[in-house]
Amino acid sequence: MAEGYIAVAAEGELKPGQMKRLELAGRRLLLCNAGGAHYCVDEMCSHEDYSLYFGCIKGRSIKCSLHGSWFNLATGAPENEPADCPLRTYPVKTQQGRVWVDPTSA
Ligand code: FES
């Protein structure tokens, strides 16, 4: 496993549509299972300081439940207003029965 990656979950721990909060490298991150694929983004919405953990996942996007913006989990890009700044995204790998995140590369 390349340096920088940290094991954050067991493979299969998160079902599609589920999320897990992480604290890595001084950052609050969100591990998401979207349709069987894992993504990692900043936990807090880029619009205001509100946790995306309270939102929901549909397709490859996550919704902020405060004002309703959707974000693409792969790119972090907002898909509708009011958010207009992307979320930071972090590399994710599934290997050796675990899910790994590199929190240092964003
Ligand atoms: S806080 Fe997320 S859309 Fe406003």
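Up top is the structure these notes are about.
Trainee: I'd like a rundown of the sheet that holds strand 1 (residues 6–10), residues and numbers included.
Mentor: In space, the three strands of this open sheet follow the order 1-10-9, with antiparallel pairing throughout. Only two strands of the sheet have a single neighbouring strand rather than two, namely strand 1 and strand 9 (92–95). Taken pair by pair, the neighbouring strands of this sheet meet at an average axis angle of 30°, ignoring direction. As paired strands, strand 9 and strand 10 (residues 98–101) are joined by four bridges and run antiparallel to one another. Counterpart to Val-92 in the pairing with strand 10 is Val-101.

Trainee: Please give an account of unusual backbone geometry that cites residues and values.
Mentor: Backbone torsion omega between Glu-81 and Pro-82 reads 15°, so that peptide bond is classified as cis. With respect to the element layout, Pro-82 can be found in the loop between strand 7 (70–72) and strand 8 (89–90). Positive phi, normally seen in glycine, also occurs at Ala-25, with a value near 50°. Looking at the secondary structure, you find Ala-25 in the loop between strand 2 (19–24) and strand 3 (27–34). The phi dihedral of Gln-96 is positive, around 55°, even though this residue is not glycine. Tracing the backbone through its elements, the reader meets Gln-96 in the loop between strand 9 and strand 10.

Trainee: Mind laying out the nonpolar core, listing which residues take part and the relevant values?
Mentor: Judged by nonpolar contacts, the single largest core of 24 residues is most densely connected at Leu-30, Leu-31, Cys-32, Cys-40 and Val-101. Elements that contribute at least two residues to this core include exactly strand 3, strand 4 (37–42) and strand 10. Examining the composition of this core, we find that five residues originate from one element, strand 3, more than from any other. Residue contacts for Val-101: discarding those within four places in its chain leaves Tyr-5, Ile-6, Val-8, Leu-22, Leu-24, Leu-29, Leu-31, Cys-40, Tyr-90 and Val-92.

Trainee: So, the environment of Leu-66: which residues are in play, and what are the values?
Mentor: Topologically, Leu-66 is positioned in the loop between strand 6 (61–63) and strand 7. For Leu-66, a count of 17 C-beta atoms within 10 Å puts it in the partly exposed group. Remark: the alpha-carbon pair of Leu-66 and Leu-87, spanning 21 residues in sequence, is separated by 16 Å. What Leu-66 contacts, discounting residues up to four positions off in sequence, is Cys-45, Glu-48 and Tyr-50.

Trainee: Please give an account of the pairing of strand 2 that cites residues and values.
Mentor: Two strands pair when backbone bridges link them, and strand 2 and strand 3 are joined in this way by six bridges, in the antiparallel orientation. By the bridge assignment for strand 3, Leu-22 is matched with Leu-29.

Trainee: I'd like a description of the pairing of strand 4, backed by residues and values.
Mentor: Bridge count between strand 3 and strand 4: six bridges; the pairing is antiparallel. Opposite Asn-33, over in strand 4, you have His-38 as the bridge partner. Connecting strand 3 to the next strand, strand 4, in antiparallel fashion are two residues, including Gly-35 with a positive phi near 65°. Sheet analysis places strand 4 next to strand 8, joined by two bridges and oriented antiparallel. Its bridge partner being in strand 8, Val-41 is matched across the sheet by Thr-89.

What counts and how
Residues numbered from 1 in each chain as written. Predicted model: local features only at pLDDT ≥ 70, side-chain atom pairs only at ≥ 80, totals over all residues. Pairing = 2+ DSSP bridges. Helix = DSSP H or I, 4+ residues; strand = E, 2+ residues; numbered from the N terminus. Axes fitted to C-alpha atoms, helices over the stretch in contact; angles between N-to-C directions. Core = buried A, V, L, I, M, F, W, Y, C linked by C-beta atoms within 7 Å. Buried ≥ 20, exposed ≤ 12 C-beta atoms within 10 Å, placed from the backbone. Contact = placed C-beta atoms within 7 Å.

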